[in-house]
Amino acid sequence: MSPLKEIFSDSGVLSRSAPGYRFRPGQLDLSQAIEDALQRRSTLIAEAGTGVGKTFAYLVPLMLSQGRSIVSTATRHLQDQLYERDLPRLKSALGASIHVAVLKGRANYLCTYRLERQQESGRFSRPEDARYFSDIVRFAGQTRSGDIAECTSIPETAPIWSMVTSTRENCLGQQCPNISDCHVMAARDAAAKADLLVINHHLLCADMALRDEGFGELLPTVDHIVIDEAHALPEIATAFFSESISTQALSSFARDCLESGLAYARDGASWPDLCGRLEQCVMDLRAQAGAVAPVPTAGSITRPRMAEQSRLSWDQLDGQAQARWLDGLAAIESAMDHVQEVLLINAERHPEIAQLSALCSEYCGRLAAFKLQQPDAMLVRWMEFSRHGITLRLTPYEIAERFQQELTRQPRAWIMVSATLAIGGRFDHFSRRLGLQDAQTLIAESPFDFPQQGLLLVPQRLPDPKAPDLIAQLLAQTEISDLLDAVSGGVFILCTSHRGVSYAAQWAEQWGARHPDRLVLVQGQAPRPLLIDQFRAHGAAVLIGSHSFWEGVDVPGRALSLVLIDKLPFAPPDDPVLRARSKWMEQQGIDPFSAIQVPEAAILLKQGVGRLIRSESDRGLIVIGDSRLAETGYGRRILRSLPAFSRTRAPDEALHWLTAAGHSKPPTETELPEL
Ligand code: SF4
């Protein structure tokens, strides 16, 4: 018996170390294909259905292999789960003596130098910052890794973190007086020594784009790269191959210049005047932009966006508006030039001033690139607006060539694995985006009995899926509210927009009042991990969320018995990058709706639907409120990509099914019809 067969068998080491373990043929197939790709240093794209056990399927051959490996996950949360839970378990089961490390982006590590600078200045822009700061000082005295995720008393998104962590631009590197106890450097040193290193896609892409965040010099020394949750890679890679400059970055540059100038070269220039002028130019651009910022598209998937974000392509501006923008940018450039003159004169007085001068050159280069972008450069020029400011971006709408160059830079194995990569059994969409047409492919089927374990309901009578208040209309339908009233376990209401979340939250206020035994949780009320923990613990809660809850959430058992999805998760058609990609495909005679939008919606929908059945004993109901899924050709194409649940269009049948599955509860006294 081969080592893999022995390890994954019913009597192998995994079964002896993990209670409840059982042999899954799909897991062994996947693991063998990965082992083969590692040995041949080839590229494998694999879809592993829910329950296959893909993590161990790739970790086992990696641990048995010679050579150094990187495993990249889509999020820091998955990174922690792999490093803190899966890897130690497997290492101990296999008795492997390999050295494992985890590396995150520098924004995840406390910067002791900036912490000290902040302590000296004592200036905080928000009252809560001062309160948080004392927690951070305490944390700094205790932590060994400097990983800010360990400081749980402060929200991950708190602005204070940007004052005590570093960026590529403000890190002093070798000039730093604190370099000997720098957490970023320590994490990178440990990463350089690891046999198996856990990173995330942002780091991987930053490294490919030579953006320092990762470890530019380390990637070339790795023999195997496993990309878990690979469906997320094209989007992240596209972002990293983009150029951007934001008004927040420019304002913070102005403030840093003022602070460093006054601290180290007070007599070197009139710092308040210079920096004040730059800040004023940035504010003028923001004020002018307020007039053109578009309203977010209603009812569209909010994938990478904040609620209040919106996007506008440069070519959507008329000639006059473009001229005004160019004038605003020219004013900023001129102010930057003046700042740069004095930074250069004073650069030798302190490393911080030299660093700011280098940063000034870089920002001026990005502004110039945005202003002068050539129309044939396969880049789309666009602006993103949020309440924090404006980001100017140049984004490639095609990354296949760039990614392929990385793949062929040196012979090594690339394993792309996810539960959602194939559309109708084919990988064309994913492989075309990354230029992987020659890769081996594999689908490892889920061990779950989907027709028995799940029912998909697309009700016969449904509102127009384009209605802005679609979710409100759905929840007002008796057939759907009957199901929500009847189900005894937990419910996910997954919306395709933040607006949908708001509508559903309004509905939940009244519904919750009628169901005091149910806990209603709404995205944004608390950090995501906390909401998920509360949802799991309650067992019959209702959670309302948008994109961040469509994937990476694992709630087995009755605690998640029903998933309601408002509509097919198409990207907004006015998205500047999608528009540019679509136009480019049309020029090549390819229908962009069929080649881009349908596959991307199918992958997202697969993710959302995939929340329901998480173990062999789970049973549950999916309700999708979009008749296009059942009544259009592209909808049926998407439908074929979903797990093979039983299907119905009759809500009554779904209600009976819930009862038969033991997921319905007897009506309470107040729910009984009046006689
Ligand atoms: S080297 Fe950079 S990250 Fe490290 S302490 Fe110094 S400034 Fe901070």
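About the criteria used
Residues numbered from 1 in each chain as written. Predicted model: local features only at pLDDT ≥ 70, side-chain atom pairs only at ≥ 80, totals over all residues. Heavy atoms only, no water. Pairing = 2+ DSSP bridges. Helix = DSSP H or I, 4+ residues; strand = E, 2+ residues; numbered from the N terminus. Axes fitted to C-alpha atoms, helices over the stretch in contact; angles between N-to-C directions. Contact = heavy atoms within 4.5 Å. Core = buried A, V, L, I, M, F, W, Y, C linked by side-chain atoms within 4.5 Å. Buried < 20%, exposed > 50% of the residue type's maximum accessible area, 1.4 Å probe, protein only. Domains from an automatic or database assignment. Parallel < 35°, antiparallel > 145°, perpendicular 65-115°, else oblique. Left-handed = near helix turned anticlockwise from the far one by under 90°.

**What to know about the sheet that holds strand 11 (residues 440–444)**
- Sheet architecture is open: seven strands sit in the order 3-4-2-5-10-1-11, paired in parallel fashion. Edge positions in the sheet fall to strand 3 (100–102) and strand 11, since each of these pairs with one other strand and no more. Pairs of neighbouring strands in the sheet enclose a mean axial angle of 15 degrees, with direction left out of account.
- Relative to strand 5 (residues 224–228), strand 2 (residues 69–73) runs parallel, the two being bridged by four bridges. If you follow Ile 70 over to strand 5, its bridge partner there is Ile 225.
- Against the sheet, helix 10 (residues 201–208) touches strand 2, strand 4 (196–200), strand 5 and strand 10 (413–418), its axis set at about 95 degrees to strand 4.

**A word on the nonpolar core**
- Counting 69 residues, the largest nonpolar core has Phe 492, Ile 493, Ile 544, Leu 562, Leu 605, Leu 621 and Ile 638 as the members making the most contacts within it.
- With six residues, the top contributor of residues to this core is helix 24 (residues 592–609).
- Apart from residues lying up to four places away in sequence, Ile 638 is in contact with Leu 568, Phe 570, Val 598, Ala 601, Ala 602, Leu 605 and Leu 629.
- In terms of nonpolar packing, the next biggest core, distinct from the first, is built from 45 residues, Ala 230, Ala 237, Leu 421 and Phe 427 among them.

**Describing the domain arrangement of the protein chain**
- As far as domains go, the protein chain holds domain 1 (3–99 + 194–239 + 399–444), domain 2 (106–184), domain 3 (242–396) and domain 4 (450–671).
- Distance between the C-alpha centres of domain 1 and domain 3: 38 Å.

**Considering the packing of helix 13 (residues 271–289) against helix 14 (residues 319–346)**
- Following both chains from N to C, one finds helix 13 and helix 14 inclined at 160 degrees, their axes separated by 9 Å at the closest point. Classified by the interaxial angle, the pair formed by helix 13 and helix 14 is roughly antiparallel. You can see that helix 13 and helix 14 cross each other, and the crossing is left-handed.

**A short note on the sheet that holds strand 6 (residues 243–246)**
- The four strands lie next to each other as 6-9-8-7, forming an open sheet whose pairing is antiparallel. Each edge of the sheet is formed by a strand with only one pairing partner; in this case those strands are strand 6 and strand 7 (310–313). Across this sheet, the average inter-strand angle for adjacent strands is 20 degrees, counted without regard to direction.
- Across eight bridges, strand 8 (residues 379–386) lies against strand 9 (residues 389–396) in antiparallel orientation.

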